[in-house]
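Here's the letter readout for the chains.
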Amino acid sequence: MNNPYRSVEAEVLKVISETPSIKTFVFSPKEELTFGPGQFMELSVPGVGEAPFTPSSDSRNKETMEITIVKVGKVTDVIHELKPGDTVGLRGPLGKGYPLAKFIGQEVIVVGGGVGLAPLRTLMYSLFHMRDKLKKLVYRGGCRNPEEILYRDELEGWMKRPDLDMKLTVDVGNDDWKGPVGVVTTIMDDIQVDFSRAVGIVCGPPIMMKFGTFKLQELGVPDSNIYLSMEKNMSCGFGKCGHCRLGDFYCCKDGPVFTYAEIRDIPGIWE
Amino acid sequence: MLFITRGNLNKLLESLSGDYRVFVPTQSGERTAFSPLSEKTLEKMVIGGVRGFEPLKAFYFLGREKVAEGFGPETPHANDIPPCIVGVKACDLRGFHILDHVYMDEDYGDPTYMKARREGLIISSDCTETLDTCFCTAVGGKPWPESDFDINLSPAADGFLVLQGSEKGKNTIQKYRSLFQEATDETTRSVKQVRSTVKRKLEKSAAENKIPPVEKLAGTVKRNYESSVWADETSTCVECGACNTICPTCHCFLLYDQQSDGRLARFRIWDSCLIKDFARVAGGENPRARLWMRLRNRFDKKFDFFPNVAGEVACTGCGRCIAACPGKIDIRKVLGRLDSE
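We now turn to the structure provided with this report. Keep in mind the model is a prediction, meaning the values are calculated, not measured. (Residues numbered from 1 in each chain as written. Chains lettered and ligands numbered in written order. Predicted model: local features only at pLDDT ≥ 70, side-chain atom pairs only at ≥ 80, totals over all residues. Heavy atoms only, no water.)

1. Considering the overall build of chain B
At step 1: From N to C terminus, chain B includes twelve helices and eleven strands.
At step 2: Compactness check: chain B gives a C-alpha radius of gyration of 21 Å against a globular reference of 20 Å for 341 residues, within 12% of the reference.
At step 3: For chain B, the spread of C-alpha atoms along the three principal axes comes to 65 × 60 × 35 Å.
At step 4: For chain B, buried positions account for 57% of its 341 residues.
At step 5: Within chain B, counting contacts between residues at least 6 apart in sequence, those at least 24 apart form 73% of the total. (Helix = DSSP H or I, 4+ residues; strand = E, 2+ residues; numbered from the N terminus. Rg over C-alpha atoms; globule rule 2.2 N^0.38 Å. Buried < 20%, exposed > 50% of the residue type's maximum accessible area, 1.4 Å probe, protein only. Contact = heavy atoms within 4.5 Å.)

2. Things to note about the pattern of salt bridges
At step 1: Inspection of the entire model under this criterion finds 43 salt bridges over all chains.
At step 2: One salt bridge connects Arg264(A) with Asp223(A), and the closest N-O pair in it is separated by 2.6 Å. Placement of Arg264(A) in the segment after helix H6 (260–263) and of Asp223(A) in the loop between helix H4 (206–219) and strand E11 (226–229) is noted, with a sequence separation of 41 residues between them.
At step 3: Each of Glu50(A), Arg91(A), Asp257(B) and Arg266(B) takes part in salt bridges that share partners, so that together they form one network. (Salt bridge = Lys/Arg side-chain N within 4 Å of Asp/Glu carboxyl O.)

3. Looking at the layout of surface pockets
At step 1: Each pocket or cavity is described by its volume, and for the second largest pocket that value is around 640 Å³.
At step 2: Taken together, 28 residues make up the lining of the second largest pocket; nearest its centre are Gly247(A), Ile266(A), Pro267(A), Tyr225(B) and Asp300(B).
At step 3: Looking at the lining of the second largest pocket, the elements with two or more residues in it are strand E12 (245–246) and H6 of chain A together with helix H10 (291–310) of chain B.
At step 4: If you tally residues by element for the lining of the second largest pocket, the top one is H10(B), at eight residues.
At step 5: By residue class, the composition of the lining of the second largest pocket is eleven nonpolar, five polar and twelve charged. (1 Å grid on protein atoms, 1.4 Å probe; cavity = no way out; pocket = protein on both sides within 12 Å on 5 of 7 lines; lining within 4 Å. Points joined across faces, edges and corners; volume = space filled by probe spheres on them. Nonpolar A, V, L, I, M, F, W, Y, C, P; charged D, E, K, R; others polar.)

4. Some words on the environment of Glu31(A)
Residues and elements named next belong to chain A.
At step 1: Position of Glu 31 relative to the elements: it lies in the loop between strand E2 (22–29) and strand E3 (40–45).
At step 2: With 139 residues separating them in the primary sequence, Glu 31 and Val 170 have C-alpha atoms 40 Å apart.
At step 3: The residues contacting Glu 31, other than those within four sequence positions of it, are Arg 6 and Val 8.
At step 4: A polar contact of 3.0 Å, which involves the side chain of Glu 31, links it to the side chain of Arg 6. (Polar contact = N/O pair within 3.5 Å; in protein donor to acceptor, adjacent residues only side chain to side chain.)

5. Some remarks on the sheet that holds E3(A)
All names here are of chain A.
At step 1: A sheet is described by the order of its strands in space; here six strands give the open sequence E4-E3-E6-E1-E2-E5, paired in antiparallel fashion. One side of each edge strand has no neighbouring strand; the edge strands of this open sheet are strand E4 (49–53) and strand E5 (65–70). Averaged over all adjacent pairs, the angle separating strand axes in this sheet is 35 degrees, with direction ignored.
At step 2: In the sheet, E2 pairs with E5 via six bridges, with the strands oriented antiparallel. In the sheet register, Phe 27 faces E5, and the bridge partner there is Met 65. (Pairing = 2+ DSSP bridges. Axes fitted to C-alpha atoms, helices over the stretch in contact; angles between N-to-C directions.)

6. With respect to the state of the cysteines
At step 1: On inspection of all chains with the given rule, the structure shows zero disulfides over all chains.
At step 2: Lacking any disulfide linkage, Cys143(A) is separated from the closest cysteine sulfur, that of Cys203(A), by 12 Å.
At step 3: Of the cysteine sulfurs around Cys134(B), a residue in no disulfide, the closest is that of Cys127(B), at 6.4 Å.
At step 4: Its relative accessible area of 10% is what places Cys134(B) among the buried residues. (Disulfide = S-S within 2.5 Å.)

7. Here's the deal with the sheet that holds strand E5 (residues 83–88) of chain B
For sheets, the rule is that strands pair by backbone hydrogen bonds, running either parallel or antiparallel.
Residues and elements named next belong to chain B.
At step 1: Taken together, the eight strands give an open sheet; going across it, the order is E3-E2-E5-E6-E7-E8-E1-E9, and neighbouring strands pair in mixed fashion. Among the strands making up the open sheet, the edge pair consists of strand E3 (31–36) and strand E9 (181–182).
At step 2: In the sheet, strand E7 (residues 151–156) pairs with strand E8 (residues 159–164) via six bridges, with the strands oriented antiparallel. Looking at the pairing, Ala 156 lines up with Gly 159 of E8.

8. A look at helix H6 (residues 185–208) of chain B
Residue and element names in this part refer to chain B.
At step 1: Here H6 spans 35 Å end to end across 24 residues, near enough to the 34 Å set by a 1.5 Å rise per residue.
At step 2: Inspection of H6 places Thr 187, Val 191, Arg 195, Val 198, Leu 202, Ser 205 and Ala 206 among the buried residues, and these make up the whole buried set.
At step 3: In this structure, the buried side of H6 is in contact with strand E1 (2–5), E7, E8 and helix H12 (331–340). (Expected span 1.5 Å × (residues − 1).)

9. A word on the interface of chain A and chain B
At step 1: Residue-level contacts link 41 residues of chain A with 47 residues of chain B.
At step 2: Here chain A packs against chain B, burying approximately 3,500 Å² in sum over the two surfaces, 56% of which is carbon and sulfur.
At step 3: Together, Tyr5(A), Lys240(A) and Arg245(A) form the three largest contributors to the area buried by chain A at its contact with chain B, with a combined 23%.
At step 4: Its salt-bridge partner being Asp300(B), residue Arg245(A) comes within 3.2 Å of it at the nearest N-O pair.
At step 5: Counting residues per element, the ones that place at least two in the side of chain A that touches chain B are strand E1 (8–19), E4, strand E6 (87–94) and strand E13 (249–250) of chain A. (Buried area = accessible area lost by both parts, 1.4 Å probe.)

Right, here's the structure in full:
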């Protein structure tokens, strides 16, 4: 019988410092782990514990997997100490990711905030790959300040793509920042799509998800076309341990990607 | 119908101990507790009586159990001898409806639980007495098993009326057929009488405790989500989690990693949704920061979530949470208050 609690051994190949509190780790799993954008992994440091993370690398790359991690607690403190050559455990992929097939022929608006830009990078790679099948692709990203923009060089490269309508904003600028200043919802008014048929994807901290969703609603995107990547305390990752319950769903098994229509009536979804 | 004498039952259980880890209910002070089969425990074995002190889940997914070791494909406990639990009561068997729904599935089923369920043997029995905290009939149950057992024993004079409940039970009886005899009409009549007496007692107690009818329980939390009953009932809660630990349907756990001989050792440990950090996410956000929200969550899970996803309330009326609560929070009273809101 398959043991769902088992982790696959993986080696740390490379550690990239993104910001003082954020690092991207490049892992080489000893067994092939095929994931889709929006799905998550349980990453463990042997003997210390597991925590859920969404990969930030191209899901078509079967050799390595990248995960961008903010230092916020017990497990991530230890993860941040990892060096190339160290061993970790990877369990997954878990959950349901973005239904890419449903986006074919659609105008797609991706709205990201803060560290939400990490999992969205995986999604963007997939959307770029199927770009000829999408009617339009729009990306709006927001961060607290320019120093916290993840993958800034790469994102600035995306800005030059003719097949992407992209804007980045920061809450607080600095002398070098030439772009807009304000929360992400302030750079959404110039989006030119048929909102009544468009797909909206929101990923970021709870407060940003809430107002990003409300903004898409206000622009006219139907609740059933707004995709949210929810964050709850996901431990087992397959709907048994009970920690991440969201109404009649488990965030880990039934999500973490939900449409707003599916979860809008559940009390406390933004908490 | 078949009948087995007490002496022959002892022989049967001794024979079964070759294939199973046999646990029998024994009287220990005022409690009935399951103990491993031995000459001594057989002497003190009580087949009728009331439910055991500990919930049945304690034998199917242990409070602390190793679920993974190292990175290899081997599953811990894969070679464990399956359990045979004797004298299990109907309320505990009903708990399996919820636990099976959670733990048994092809893709992500819990290997240890599924093995114990598939290979284990259950010899259940009728309740011949009640506790003040029993309320199975109020949640649609009966004080005798009607399903989910392999063999059921109904206490009668000098022995037990025997009912087979599964193919495994049938085969077990066949294998040890010489230990059984045909039951007399007198035995059947006396069992019926005990059953109706116990049931009447429970129905009277349910009425006295004003427990709302089971068909009104599903959805009760949703209807009373913002009720002041939650904060009020939580005022004596000390956040110990006993209600979760002792409950035959509470299934939540925590995965806890340790090192053993330099290798990863992952344990599955019972967890409690009443504890503050249960739903807290990394970074500190807590969707159920207040204790009353966590009490409400426990009821929400039992009376809204499980009826929606598994088709029945996740309360079997065993009353263990009432007996265990140091704050005297009484699930019957909470349900009654919600119903009268």
